[in-house]
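# Observations on the three-dimensional arrangement
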Amino acid sequence: MTAASAPGRAELELKALLDAAVDAVIVIDHRGCIDTFNRSAERLFGWRATDVVGKNVAVLMPEPYRAEHDGYMGNYMRSRHARIIGIGREVVAQRRDGTVFPASLAVGEIKGSNPQRFVGFIHDITSRKAAVDALRRERDRAQSYLDLAEVMLLALDVDGRIALINRKGCEILGYNEAELLGRDWFELCLPERTRDHSRAGLVDVMAGTRDPLSHIEDTVVTRDGQSKLIAWRTSLLRDERGQVVGTLSSGEDVTERRDAEQRLRKSEALLRAAQEIAGLGNYEVRSPGGSTWSDQMYRIVGCDPAEGPVEPPEFVARVVHPDDAEHVNREWQRAITETGKLDLEYRIVRPDGTVRDVHAIAQVGTDADGETVVVTGTLHDITDRKRAEEEMRQSQEKLTHVARLSTMGEMATGLAHEINQPLTAIATYAQAASRLVNSAAGADPDDLRDALTQITNQALRAGEVIKRLRGFVKNRSMHTETLDLNHLVEDLRVLAEPDARVNDVRLTLDLAPSVPPVSADPVQIQQVLLNLVRNAIDATNEREGAVREVVVGTRVRPDAVEVYVMDRGAGISPKIVDNLYNPFFTTKAAGTGLGLAISRSIVRAHLGRLGHRDTPGGGTTFWFTLPPLRTA
Ligand code: ADP
């Protein structure tokens, strides 16, 4: 080695420097040919310096950069316009074995060298890139978690500005993320009235004077001005030194839930009020499990809610009236084991001794598990209704009775006559008998017996009328029996005929050969018939030259037995027809206007109907029907 060819000191130092460098250092000439390739470059690319020196640097690049590189170099040489020199950038490099890796490349021009040379510093950034990618992935994943959250997530900085908000938050507030980030949370999203208070709350949380995790409900205002109720939970955000840098809150939109809760509370209150007004309680009995009662149940039964519901066996023993206990128990057991339904009325005794009437309706089923027996039912306090019904029934009965007496009053003339006749006859026979006894010739026993028989007969006749009369006017409550309406009409004759006779009206019967039996109260049905006959006689009197005949008849209709009273009297003018059955409507000077009203209500109580039609040729025919008794 000659002194001239021996490397100079500077050159040796440079080589040592290059070999010690961590980065790959490559020097190329103006054509792109490699001139220097240091140790790190050898390690990085897998080439020996001797293999690549003199070769085009493109050998260190993968396609398509490899092909483009010469063009790029030529361009620079011509225009001196550098896209890379002095700038540095990320590139993709290729090793000898063909594998590629990301690298950072910084290029410098070696000024003053001739020909032109460039030096490149190359650094493998595979692991840095991997770290950056991992970080980005991590951040994206965190963001997607935030976005997936069904609650609003909101981070505020120490000044109350929005530092982070997730998708749900944007959705609730009606803004997009860009419109929210950096904005003052309190100014933008809180109503004016609570703004200062909430801001003070944040200050307290950051100062550590308020527990950040405490649950707060706050109203926010959305972009379109709607108010929404948010339930918040807040925690503090700290930096690595432990300094508080803001808050992170999760907020749940509870507007609908609170509304629904309020609606539910309202409807529960309504239900309670309705139950109270109606005197209706409800309950559920689960077996196994026990009972639940509504407030009104306790009130009906008179028990203290603090003591809880009375369970079924005890209920029967303690609450149900002793006289009804056995029946209730039987029906309850039957509902559970057979019918699945309960519908009965019974009495209960409250702890203070008052007796109440109740109507219980219940349904038996099983729970979703198919095992638990569940009885759901209502208990209705019907005491007041029953009392009202009873009072109503009593006044109806009284009225009916008064009306009966009044009808009798109207028929009094005829009846007085009816009784007078036998009495006159009795007096006559008695006188004759007395004359016989006193006659000088002595009484012929046969004549005497004859007179006495007549007296007996007449007395019986009068007695019969009085018996009927008493039976008719007696005050009594309704009782039904099986009746043959043909017989009833015949019996009625005794009472109706005297009235007809004094009014010079012929009473004719026109009975169907036989009629099915009905179930009815005989006195009440007689009352109806007498009313109709009375009215028929009045109507006959009203019409001059009327045929003076009233026909009482029976007919069998497909599903009812009809009784009718036909007259040929004045008829009913269309003007009054609408009022005919109204109580107190009368066209008669001494009328009460109760006859038809009461008759109709009596017939209805027997599940029948009462009406009228014109009699062909003039007059009116009133009729009523009763359902035939169903014989099983
Ligand atoms: P009152 O007989 O006391 O008037 P009612 O209720 O029995 O009461 O009758 C009401 C009215 O119906 C009578 O005033 C009369 O105008 C009319 N009316 C009832 N029956 C007949 C009848 N058979 N013919 C014509 N009008 C009748």
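Structure: see above.
As a convention, each chain's residues are numbered from 1 in the sequence order in which they are written. Residue-level local features of this predicted model are given only where pLDDT is at least 70; pairs of side-chain atoms are given and counted only at 80 or more, and the full residue set underlies all totals for whole chains, interfaces and linings. Note that water and hydrogens are dropped before the side-chain values are worked out from all heavy atoms of the structure.

### Comments concerning the site of the ligand
Selection criterion: If a single non-hydrogen atom of a residue is within 4 Å of a molecule or strand, that residue counts as near it. Within 3.5 Å is the distance limit for a polar contact, defined as a pair of N or O atoms, with the added protein rule that one can donate a hydrogen and the other accept it, and that residues adjacent in sequence qualify only through two side-chain atoms. For the accessible areas, the method is Shrake-Rupley and the probe is 1.4 Å, while residue cover comes only from the protein chains on display. Where helices and strands are cited, they refer to DSSP runs of H or I of at least four residues and of E of at least two residues respectively, numbered from the N terminus.
Taken together, 19 residues lie around the ligand, and Asn535, Thr586, Thr587, Lys588 and Leu596 are the ones closest in. The contact in question runs from an oxygen atom of the ligand to an N or O atom on the side chain of Thr586, over 2.6 Å. Gly593 is positioned with one of its backbone polar atoms (N or O) 2.9 Å from an oxygen atom of the ligand. Contact with the protein chains hides 95% of the accessible area of the ligand, taken as 530 Å² for the molecule alone. Elements that contribute at least two residues to the shell around the ligand include exactly α18 (522–542), α19 (595–605) and β22 (620–626).

### Here we look at the pairing of strand β4 (residues 100–110)
To keep things clear, this is the line we draw: Relative accessibility thresholds used throughout: buried, under 20% of the residue-type maximum; exposed, over 50%; partly exposed, between the two (1.4 Å probe, protein chains only). Strands are treated as partners if at least two bridges between them are detected by DSSP.
Burial along β4 is one-sided: the residues Phe101, Ala103, Leu105, Val107 and Glu109 are buried and none of Val100, Pro102, Ser104, Ala106, Gly108 and Ile110 is. As judged from the six bridges shared by strand β3 (residues 89–94) and β4, these two strands associate in the antiparallel manner. Bridge pairing in β4 places Val92 opposite Pro102. Connecting the antiparallel pair β3 and β4 is a turn made up of five residues, with Gly98 showing a positive phi of about 90 degrees. Connecting β4 to the next strand, strand β5 (residues 117–124), in antiparallel fashion are six residues, including Gly112 with a positive phi near 85 degrees.

### A short note on the packing of aromatic side chains
Operational definition: Side-chain rings of Phe, Tyr and Trp, where Trp is taken by its six-membered ring, are said to pair if the distance between their centres is within 6.5 Å; with planes under 30 degrees apart they count as stacked, over 60 as edge-to-face, and otherwise as tilted.
As enumerated under the stated definition, the model contains five aromatic pairs in all. Their ring planes at 45 degrees and their centres at 6.1 Å tell us that Phe37 and Phe45 sit as a pair that is tilted. Here Phe37 and Phe45 have matching classes, each one buried. Relative to Phe101, the ring of Phe45 lies with its centre 5.6 Å away and its plane at 55 degrees, an arrangement referred to as tilted. Linking Phe45 in helix α2 (residues 39–45) with Phe101 in strand β4, this pair joins segments that are 56 residues apart in sequence.

### A look at the environment of Arg199
Quick reminder of the rule: In what follows, a contact means two residues having at least one pair of non-hydrogen atoms within 4.5 Å.
Relative to the helices and strands, Arg199 resides in helix α9 (residues 192–207). Not counting the four nearest positions on each side in its chain, Arg199 is found in contact with Asp159, Asp184, Phe186 and Glu187.

### Things to note about the packing of helix α15 (residues 412–438) against helix α16 (residues 445–473)
What counts here: With axes taken as lines fitted to C-alpha atoms, and helix axes fitted only over the stretch in contact, angles between N-to-C directions fall between 0 and 180 degrees. Each angle receives one of four descriptions, namely roughly parallel if under 35 degrees, roughly antiparallel if over 145, roughly perpendicular if within 65 to 115, and oblique otherwise. Less than a right angle of anticlockwise turn of the near helix away from the far helix marks a crossing as left-handed, whereas a clockwise turn marks it as right-handed. Here the nonpolar group is Ala, Val, Leu, Ile, Met, Phe, Trp, Tyr, Cys and Pro; Asp, Glu, Lys and Arg are the charged ones; every other residue, Gly included, is treated as polar.
At a closest axis distance of 9 Å, the pairing of α15 and α16 adopts a crossing angle of 160 degrees. Compared by their axis directions, α15 and α16 come out roughly antiparallel. Read as a crossing pair, α15 and α16 show a hand that is left-handed. Judged by residue contacts, Leu415, Glu418, Ile419, Gln421, Pro422, Ala425, Ile426, Tyr429, Ala430, Ala433, Leu436 and Val437 of α15 engage Asp447, Leu448, Ala451, Gln454, Ile455, Gln458, Ala459, Arg461, Ala462, Val465, Ile466 and Leu469 from α16. Partitioned by chemical class, the residues of the contact of α15 with α16 number 18 nonpolar, three polar and three charged.

### Re the sheet that holds strand β20 (residues 560–566)
Taken in spatial order, the five strands of this open sheet run β17-β19-β20-β22-β21, and their pairing is mixed. Each of the sheet's edge strands pairs with one partner strand only, and the pair in question is β17 (506–510) and β21 (609–614). Averaged over all neighbouring strand pairs, the angle between strand axes comes to 20 degrees, with direction disregarded. Looking at chain direction, β17 and strand β19 (residues 549–557) are connected through five bridges and run parallel. Pairing of Thr508 across the sheet is with Val551, part of β19. Its contacts with the sheet place helix α17 (residues 485–502) against β17, β19, β20 and β22, and it is angled at close to 175 degrees to β17. Strands in contact with α19 are β21 and β22; relative to β21, the strand with the most contacts, it is inclined by about 130 degrees.

### Brief notes about empty space enclosed by the protein
Our working definition: Cavity and pocket criteria rest on a 1 Å grid covering protein atoms alone: a 1.4 Å probe that fits but cannot get out defines a cavity, protein on both sides within 12 Å along at least 5 of 7 lines defines an open pocket, and an atom within 4 Å of a point defines a lining residue. Grid points are joined across faces, edges and corners, and a volume is the space filled by probe spheres set on the points.
Scanning the entire structure with this criterion turns up one cavity of 30 Å³ or more. If you add up the space inside the largest cavity, you get close to 210 Å³. Along the wall of the largest cavity there are 16 residues; nearest its centre are Tyr283, Pro312, Phe315, Trp332 and Tyr346. Every element with two or more residues in the lining of the largest cavity is listed here: β11 (280–287), α12 (312–318), α13 (322–339) and β13 (341–349). The residue makeup of the lining of the largest cavity, split by class, is 15 nonpolar, no polar and one charged.

### Comments concerning the side chain of Ser249
With respect to the helices, strands and loops of the structure, Ser249 is situated in strand β10 (residues 244–253). On the basis of relative accessible area, Ser249 is assigned to the buried category, the value being 7%. Of note is the side chain of Ser249, whose polar atom sits 3.0 Å from the side chain of Thr234. The contacts of Ser249, once residues within four sequence positions are left out, are Met152, Leu153, Leu154, Trp232, Arg233 and Thr234.

### Concerning the packing of α16 against α17
Packing of α16 against α17 leaves a shortest axis separation of 10 Å and a crossing angle of 100 degrees. As summarised for this structure, α16 and α17 are arranged roughly perpendicular, according to the angle between their axes. Judged by residue contacts, Val465, Arg468, Leu469 and Phe472 of α16 engage Asp491, Val494 and Leu495 from α17. Here the residues of the contact of α16 with α17 sort into five nonpolar, no polar and two charged.

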